[in-house]
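Topology and contacts: notes
The residues making up each chain are set out below.
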Amino acid sequence: MLNTIETYLALRRATGFAMSNAEYLLKSFAAFAVERGHAYVQTQTAIDWAALGPSVAQRDARLKAVCRFARHIRVEDVRHELPPANHFGARKRRRPPHIYSGTEIGRLIEAAGRLRPQGGLRSLTYATLIALLAATGLRISEALKLTFADITSDGLLIRETKFRKTRLVPLHDTAAAGLQRYLKRRGPGSGDDPVFADTRGRSLRYIAVKETFDGLVCKVGIRPTSARRPRLHDLRHTFAVRALQGSPTGRNRCGAHVVALATYMGHVNIYTTYWYLEATADLVRDIAVAGEAFMSEGRLP
């Protein structure tokens, strides 16, 4: 079974998937199956192995990893059984994001500009990072991996991130100007030097950025709209929502706008972009206006 798993992993990686967690899970399952004397996927064995996970969500993820593998290999060998993917009944719950207002983002940037030590580069680094995330919707991992060589006249070159995709992210003139002001203060650097660095010149660590951001959220008094506090990742949700609000009218033009948004955000399909959208008061109002126009005049704006 291990040879079959290696072939499956190689094929999936060739199409852009990292498969690091899948590799760990499938090899663990293979060892479990071999101990039972099984050379093929068997439903009960897969369920028993998945049941070793400490939570329902993890048991569900373990079983689904085997199901994806079994579905692939059964095309060539039906001796592999296909376990029921929903055996554990886990459902992925979407946490409602906090959509930051323009005022809230401005307060966060201003508070970052007052970080200690006063007059040091740290305050400008965090203010620029937060502003860039808000203006581009970049994943925080993408922003922290930026190097001087990735800043081009056409925008930011985001290299081989999720699904091993590389894309160009154009910047608005104001965002480009702000980034250039920061780089001028940051000082000259070589192509491989990180754009956002700590006091030792190393790329900022995610945990440090998260802790600093959480502190800024509390400091400026941003109140959560759900049971959980606003997150750093919610800046990406905010960007997607604001981009949708700026969509041109008309079904065809709006559809093209959303496709462009998905590409800009680095998504492999449009369904992932939908995950980032949230029904805000402004969006609901626009929908209501469009619905009223359609009902009264038989047209969409």
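See the structure above.
Let us look at the structure shown here. Just so you know, these numbers come straight off a predicted model, no measurement behind them.

Right, let's get into the nonpolar core. Grouped together as the largest cluster of nonpolar side chains are 39 residues, with contacts concentrated most on Leu 108, Leu 129, Leu 138, Leu 156 and Leu 235. Examining the composition of this core, we find that seven residues originate from one element, helix α6 (residues 121-136), more than from any other. Of all hydrophobic cores here, the second largest spans 24 residues; its members include Met 1, Ala 30, Phe 69 and Ala 70.

All right, on to the environment of Thr 166 then. The residue Thr 166 is located in the loop between β2 (155-158) and β3 (167-169) in this model. For Thr 166, a relative accessible area of 47% translates into the label partly exposed. Sequence separation between Thr 166 and Gly 266 is 100 residues, and the spatial gap between their C-alpha atoms is 8.3 Å. Ignoring sequence-local partners within four residues, the contact set of Thr 166 consists of Leu 157, Ile 158, Arg 159 and Glu 160.

Turning next to the packing of aromatic side chains. Within the structure shown, the criterion is met by six aromatic pairs. Look at Tyr 100 and Phe 213: their rings are 6.2 Å apart centre to centre, the planes differ by 85°, and that puts the pair in the edge-to-face class. Pair noted here: Tyr 100 is in the loop between α4 (56-73) and α5 (102-112) and Phe 213 is in helix α9 (residues 206-220), with a separation of 113 residues, a long-range link. Plain terms: the ring middles of Tyr 271 and Tyr 274 are 6.3 Å apart, the flat faces sit at 75° to each other, and that makes the pair edge-to-face. Placement of the pair is Tyr 271 and Tyr 274 together in helix α12 (residues 270-276), with a separation of three residues, close to one helical turn. Given a relative accessible area of 61%, Tyr 271 falls into the exposed group. Relative accessible area serves as the criterion here: at 43%, Tyr 274 is assigned to the partly exposed category. When the ring centre of Tyr 276 is taken as origin, the NZ or CZ atom of Arg 236, which lies over that ring, is 4.9 Å away.

So, how was this worked out
- Residues numbered from 1 in each chain as written.
- Predicted model: local features only at pLDDT ≥ 70, side-chain atom pairs only at ≥ 80, totals over all residues.
- Heavy atoms only, no water.
- Core = buried A, V, L, I, M, F, W, Y, C linked by side-chain atoms within 4.5 Å.
- Buried < 20%, exposed > 50% of the residue type's maximum accessible area, 1.4 Å probe, protein only.
- Helix = DSSP H or I, 4+ residues; strand = E, 2+ residues; numbered from the N terminus.
- Contact = heavy atoms within 4.5 Å.
- Phe/Tyr/Trp six-rings, centres within 6.5 Å; stacked < 30°, edge-to-face > 60°.
- Lys NZ or Arg CZ within 6 Å of the ring centre and 35° of its normal.

Don't take any of this as a statement about function, it's just geometry.
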